[in-house]
Each structure stands twice: as C-alpha cells, then as structure tokens.
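Residues per chain are reported as follows:
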Amino acid sequence: FQLYGYCYQDSNDIPDTLTTITELGSPLEMIQLLQTSWEDRFRICLSLVRLLHYLAHSPLGSVTLLDFRPRQFVIVDGELKVTDLDDASIEESSCSSNSDCFMEFPARNFTLPCSVEGRCQSMNEKRNLYNAYRFFFTYLLPHSAPSSLRPLLDKIVNATGNCNRRGYANCSLFHPSPAVNSEFTQKCVKSANTKYRRVPEAFIPDENYRCWPSYHHKGCLLSVFDVNEAIEICDSYSQCKAFVLTNQTTWTGRQLVFFKMASNHIVPDPDKITYVKVTD
C-alpha cells in the first residue's frame, strides 16, 4: 500500500499519535468480485501472490497478518493491497517440540517442524498462505475460469490448501505474456463451421443483449484472444448474430468484443471491425 506521508504528534490528550496518509482504494466486496470477469479476479490473485512473497521475504523477516480477511484489503487500479497492518507480526512462534507448532483453522489443522533454534519453521508464511487460500484463492481462481486452465488452477488451489508454497509459486505460469496467452487460448478454440462476413470500419450501435460475465452492464462485452475465439463465443449464444472487434484491450492484452443479436443497423467506425453471421 502506497504511503504518501505521515505526521507524528505528541499531545497531552493523546500521546504518541501517528497519522498516515495513504492512497485511496475501494473496499473489497467478495460478492461483487465474483460478478467480475475471470481476468480481473485473476489479476487480484496475482497481486496477492506478490504480497505473499513480499511478506515471506520482507526486510524485517517473515511477516504474518494475524487478521488476514477481505476487510483488511482494498482494490487500487485492479490490484489488491493490504491497508491494516495493526495485526502484523514478525515473531515466529517458539517451540521445544513439533507439537508446539500447531496451527488450527476452521477446516483443517497443521503441525510444523520445530527448528534446532527453537522456532516453528515458516509458520508466519504458511499462516498467510492458508488464509489466502481459504479467503481468496478458493473463491476467485476456479470460478468461471477458462476450461484449459482448470487442471492447473486445481493444482494451485489444492497446493495452497495444503500450505505448500509451490501453490502460489505456480501462478508465475500465468504471466500474461502473448506466448502464454496464445498457448492456453488456442487449446480452448474449436474449429467453427459457421461463416461470418467481415465488414471493416463498421459498428453496430444497438442490438445488445446481456451476458455474464460482461465488461458492459447493458450489453455483452467480452475479451478474446483472436477472431476464432470470438466466433466460438458467438456460436455458443443462440441470440448472437454478429460481433464487433474494438481497438480496446484488457490488462492481459486480450481484445474486447461486443456481441450483438442482429446486424440491421451498421454505421461507419474506423476503429472497429464487424463480423456478421451468414445464414443459409
């Protein structure tokens, strides 16, 4: 979380007062997040992965967030950031045997090894990891994910649920480079027999229908890798009779496409390309 400034004041009324000025973020509402696109939810998970790595390797040592719940986070420009550090701790639990390194959660428990120095090994990191799994990964990653990614996503969710750091390390496989984007998307795209007529520099202003998830609340605006994926999506909706490629992209570089239920009214637009389904 970006700190813009702070002010220390020692008054008679409230001694040792510290006021911080930080960037403004939006409260994290899980129900609203589940209604957003999978790409946006995955971006939040990636930012959480970066946070987990930083907490495990901070300049102060391994840091744990004792109150690791959604209310402690905000969204800033699509990224997840922690706002409340009152419950942060750098103390690793002391122990004399493995039984002292017991972590208890509502769904399952863990016993960690006690090191020769008398400290529970990686307890701070693993506490953060399991809380990230039960509050974030298990909800945001699998829900409406691309079918080609689900086997790998299942491995990530299962690994984090077992407090295995390789679970979130595997998220690096999803780095949104064009090569990775292409590889995973091409596995999803099937050959389409339906023919489409290409109309360059054209747009369909009306004829909207709603779909989920959509980047536009009054229409069906989805992201695609290429025209083939747009064709597959249009073929999957019975009401879809045309689609419009825009020059806008998501944060991963995927192109935004409007899907339409008719093509009766086409207007000129130099920044768009319309594809109209050809009927027999």
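So, here is what we can say about the structure in this document. Residue numbers run consecutively from 1 along every chain, following the written order of its sequence. Residues qualify for local features only when their pLDDT is at least 70, as the model is predicted, and side-chain atom pairs are given and counted only at 80 or more; totals for whole chains, interfaces and linings, by contrast, use all residues. Just so you know, side-chain values use all the structure's heavy atoms and leave hydrogens and water out.

### Considerations on the overall build of the chain
A tally of helices and strands in the chain yields 7 helices and 14 strands. When a residue's accessible area, from a 1.4 Å probe over protein chains only, is under 20% of the maximum for its type it is buried; when over 50% it is exposed; and in between it is partly exposed. By the burial criterion, 44% of the 280 residues in the chain qualify as buried. Only heavy atoms enter the contact rule, under which two residues are in contact if any of them lie within 4.5 Å. Sequence separation of at least 24 residues holds for 62% of the intrachain contacts in the chain that already meet a minimum separation of 6. For helices the rule is a DSSP run of H or I covering at least 4 residues; for strands it is a run of E covering at least 2, with both sets numbered from the N terminus onward.

### Brief notes about the state of the cysteines
Two cysteine sulfurs form what is called a disulfide whenever their separation falls within 2.5 Å. Overall, the coordinates contain 4 disulfides when judged by the stated rule. A sulfur-sulfur distance of 2.1 Å marks the disulfide that ties Cys95 to Cys114. The sign of the S-S torsion, about 95°, decides the handedness of the disulfide formed by Cys95 and Cys114: right-handed. Taken together, the residues Cys95 in the loop between β7 (88-89) and β8 (102-104) and Cys114 in the loop between β9 (109-111) and α3 (123-140) connect sequence positions 19 residues apart. Look at Cys114 and you get buried, because its relative accessible area is 19%. One disulfide in the model links Cys234 with Cys240; its S-S distance is 2.1 Å.

### Digging into empty space enclosed by the protein
Only protein atoms enter the 1 Å grid, on which a cavity is a set of points fitting a 1.4 Å probe that cannot get out and a pocket is an open set with protein on both sides within 12 Å along at least 5 of 7 lines, lining residues being those with an atom within 4 Å of a point. Grid points are joined across faces, edges and corners, and a volume is the space filled by probe spheres set on the points. Inspection of every chain in the model, using the stated rule, returns 1 cavity of 30 Å³ or more. The calculated volume of the largest cavity comes to roughly 40 Å³. If you trace the largest cavity, you find it lined by Leu65, Leu66, Asp67, Gln72, Val82, Asp84, Asp87 and Ala88. Under the grouping applied here, Gly and all other residues not named as nonpolar or charged are polar, the nonpolar ones being Ala, Val, Leu, Ile, Met, Phe, Trp, Tyr, Cys and Pro and the charged ones Asp, Glu, Lys and Arg. Per-class residue counts for the lining of the largest cavity are 4 nonpolar, 1 polar and 3 charged.

### Here's the deal with the nonpolar core
Take the buried Ala, Val, Leu, Ile, Met, Phe, Trp, Tyr and Cys residues and link them wherever side-chain atoms come within 4.5 Å; each set so joined is a nonpolar core. Grouped together as the largest cluster of nonpolar side chains are 44 residues, with contacts concentrated most on Phe73 and Phe136. Broken down by element, this core gets its largest block of residues, 10 residues, from helix α2 (residues 38-56). For Phe136, the contacting residues outside a window of four places in its chain are Leu28, Met30, Leu48, Phe68, Pro70, Phe73, Leu80, Asn131 and Leu141. Counting residues in each nonpolar core, the second largest holds 16 residues, with Tyr209, Phe243, Leu245 and Phe259 among its members.

### Re the pairing of strand β11 (residues 220-224)
Among the 5 residues in β11, 5 count as buried, and that is most of the element. Here β11 shows a buried face lined by Cys220, Leu222 and Val224 and a second buried face lined by Leu221 and Ser223. At least two DSSP bridges between two strands are needed for those strands to be called paired. Examined bridge by bridge, β11 and strand β13 (residues 255-260) share 5 bridges and lie antiparallel to one another. Considered in β13, the bridge of Leu221 is made with Phe258.

### Here's the deal with the packing of aromatic side chains
Planes of paired rings set the category: under 30 degrees apart is stacked, over 60 is edge-to-face and the rest tilted, where pairs are Phe, Tyr or Trp rings (Trp by its six-membered ring) whose centres lie within 6.5 Å. Inspection of the entire model under this criterion finds 14 aromatic pairs. Centre to centre, the rings of Phe243 and Phe259 are 5.9 Å apart; their planes meet at 45°, and the pair counts as tilted. With Phe243 in strand β12 (residues 242-249) and Phe259 in strand β13, this pair connects stretches of sequence that are 16 residues apart. Following the ring pairs from residue to residue traces out a cluster consisting of Phe105, Phe110, Tyr130 and Tyr133. Over a ring means this: the NZ of a Lys or the CZ of an Arg is within 6 Å of the ring centre and within 35 degrees of the ring normal. Taking NZ or CZ as reference, Lys260 lies 5.1 Å from the ring centre of Phe258, over its face. Positioned above the aromatic ring of Phe203, the side-chain terminus of Lys272 is 5.1 Å from the ring centre.

### Here we look at the sheet that holds strand β6 (residues 79-82)
Taking strand neighbours across the sheet as the criterion, the 3 strands line up as β3-β5-β6 in an open arrangement whose pairing is antiparallel. Looking along the sheet, the strands with just one partner apiece sit at the ends: β3 (26-27) and β6. The pairing of strand β5 (residues 73-76) with β6 spans 4 bridges and is antiparallel. In the strand pairing of β6, Ile75 is matched with Leu80. In this description, a line fitted to the C-alpha atoms serves as the axis of each element, helices being fitted only across the stretch in contact, and the angle between N-to-C directions of two axes falls anywhere from 0 to 180 degrees. Sheet strands touched by α2: β5 and β6. Its angle to β6, the strand with the most contacts, is close to 40°.

### A few points about the packing of α3 against helix α4 (residues 150-161)
Interhelical geometry of α3 versus α4 gives an angle of 140° and a closest axis separation of 8 Å. Looking at the two axes, α3 sits oblique to α4. Where α3 approaches α4, its residues Leu129, Tyr130, Tyr133, Phe137 and Thr138 are matched on the opposing element by Val157, Thr160 and Gly161. Among the residues making up the contact of α3 with α4, the classes are represented as 5 nonpolar, 3 polar and no charged. The labels follow the angle: roughly parallel below 35 degrees, roughly antiparallel above 145, roughly perpendicular from 65 to 115, and oblique for the rest.

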